[in-house]
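# Structure assessment
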Amino acid sequence: MHFSLILSLCTFALGVAGQDLSIRAVKKAFRAADVPADLDIVFRPTALLEVGFPQATGKPIVLHAGVQVPQNDTAGPPTLRVVGDVGRGPFVVSTVDPDAPTPQDPTMAQFRHFLGGDFFSRDGLLVNNTPAISDFLQPGPPAGSDAHRYVFLLFHQSPEFAKQTLVNSATSRALFNISQFAAAVDLGKPIAGTFMLVAPPT
């Protein structure tokens, strides 16, 4: 399953839920949850990243930075929109878990849940028709764990990204480091992002 995004009526429904409306509020939520420190990133977004999880019935769940989402509602793959003057692309999207296997003992962090490039904006909708490096993997915090942070970041794509050999579909998802990867392939700082909390089902 690729993290390809399809323009549909369902996508336009993203605006009816609790998506992020303020860059300042997103930055505040990231700082409050220690996301920039734990990912070793400089987070000064210039746009908003809307992430929506389609549901079997009803409207999609749209992330508001720091919202807790039931694990069963995160099967995805999510839909993405960018709101802001950042051009049409290409972009790189990454999703990482800095709390694997548990926030108290994150010995597998960062766990890579998605990494893909060649995203382009179609009136804000991010569309990618090329295979992802790492297909989207649904959150699955282990039983007994506190909620994990699942962080979505958007970067401008560099020419070096297309030539990178650091990560491929067979590379372990554990012990990834998004800041080191971004520096190695010249992605620069993330231009947008959001995150959700997911706990194991009770």
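What you see is a predicted model, and the numbers here were worked out from it, not measured in a lab.

## Things to note about the pairing of strand β9 (residues 192-198)
- Buried residues dominate β9, accounting for six of its seven residues.
- As paired strands, strand β8 (residues 148-156) and β9 are joined by seven bridges and run antiparallel to one another. The residue bridging Phe152 from the neighbouring strand is Thr194, located in β9.

## A look at the side chain of Arg112
- Here Arg112 shows up in strand β6 (residues 111-122).
- Polar contacts involving the side chain of Arg112 include one to the main-chain carbonyl oxygen of Thr171, which spans 3.2 Å.
- With near-sequence residues (within four places) excluded, Arg112 lies in contact with Thr95, Val96, Ser134, Val167, Asn168, Thr171, Ser172, Arg173 and Phe176.

## Topic: unusual backbone geometry
- The step from Gly76 to Pro77 runs through a cis peptide bond, and the omega angle for that step is 0 degrees.
- For the bond from Ala109 to Gln110, the omega torsion is -10 degrees, close enough to zero to count as cis.
- At Asp118, a residue that is not glycine, the phi angle is positive and equals roughly 60 degrees.
- As for its position among the elements, Asp118 is in strand β6.
- The class for Asp118 is partly exposed, based on a relative accessible area of 31%.
- Phi is positive for Asp123, which is not a glycine, with a value near 55 degrees.
- Position of Asp123 relative to the elements: it lies in the loop between β6 and β7 (125-127).

## Some details on the packing of aromatic side chains
- Considering all chains together, one arrives at seven aromatic pairs under this definition.
- Note on Phe30 and Phe195: the rings are 5.2 Å apart at their centroids and 90 degrees apart in plane angle, and the pair reads as edge-to-face. Residue Phe30 is located in helix α2 (residues 23-32), and its partner Phe195 is located in strand β9; the two are separated by 165 residues in the primary sequence. One exposure class covers both Phe30 and Phe195, and it is buried.
- Arranged with centres 6.2 Å apart and planes meeting at 70 degrees, the rings of Phe114 and Phe119 form a pair that is edge-to-face. Of the two residues examined, Phe114 and Phe119, each falls in the buried class.
- Among the aromatic residues, ring-to-ring pairing joins Phe30, Phe43 and Phe195 into one connected group.
- Arg112 extends its terminal NZ or CZ atom over the ring of Phe176, reaching a point 4.9 Å from the ring centre.

## Some words on α2
- Restricting attention to buried positions, one finds in α2 the residues Val26, Ala29 and Phe30. One face of α2 carries all of its buried residues, which in axial projection span an arc of 100 degrees. Along α2, exposed side chains directed more than 90 degrees from the buried face belong to Arg24, Lys28, Arg31 and Ala32.
- Those residues of α2 hidden inside the fold are in contact with α3 (35-39), β1 (48-53), β8 and β9.
- Measuring from the side-chain oxygen of the N-cap residue of α2 to the backbone nitrogen of Arg24 gives 3.3 Å; that N-cap residue is Ser22.

## Section: the confidence of the model for the protein chain
- Mean pLDDT over the protein chain stands at 90; residues scoring 70 or higher make up 91%.
- Of the regions scoring below 50 in pLDDT, residues 1-17 engages in 43 contacts with residues more than four places distant in sequence or in other chains.

## Concerning the pattern of salt bridges
- Counted under the stated rule, the structure contains two salt bridges.
- Measuring nitrogen to oxygen at the nearest pair gives 2.9 Å for the salt bridge that ties Asp38 to Arg149. Residue Asp38 is found in helix α3, and its partner Arg149 is found in strand β8; the two are separated by 111 residues along the sequence.
- The exposure class assigned to Asp38 is partly exposed, which follows from its relative accessible area of 41%.
- A salt bridge links Asp99 to Arg149; the shortest N-O distance between them is 2.7 Å. With Asp99 in the loop between β5 (91-97) and β6 and Arg149 in strand β8, the pair connects residues that are 50 residues apart, well separated along the chain.
- Owing to a relative accessible area of 4%, Asp99 belongs among the buried residues under this scheme.

Cut-offs and rules
- Residues numbered from 1 in each chain as written.
- Predicted model: local features only at pLDDT ≥ 70, side-chain atom pairs only at ≥ 80, totals over all residues.
- Heavy atoms only, no water.
- Buried < 20%, exposed > 50% of the residue type's maximum accessible area, 1.4 Å probe, protein only.
- Helix = DSSP H or I, 4+ residues; strand = E, 2+ residues; numbered from the N terminus.
- Pairing = 2+ DSSP bridges.
- Polar contact = N/O pair within 3.5 Å; in protein donor to acceptor, adjacent residues only side chain to side chain.
- Contact = heavy atoms within 4.5 Å.
- Phe/Tyr/Trp six-rings, centres within 6.5 Å; stacked < 30°, edge-to-face > 60°.
- Lys NZ or Arg CZ within 6 Å of the ring centre and 35° of its normal.
- Arc of directions from axis to C-beta.
- pLDDT = per-residue confidence, 0-100.
- Salt bridge = Lys/Arg side-chain N within 4 Å of Asp/Glu carboxyl O.

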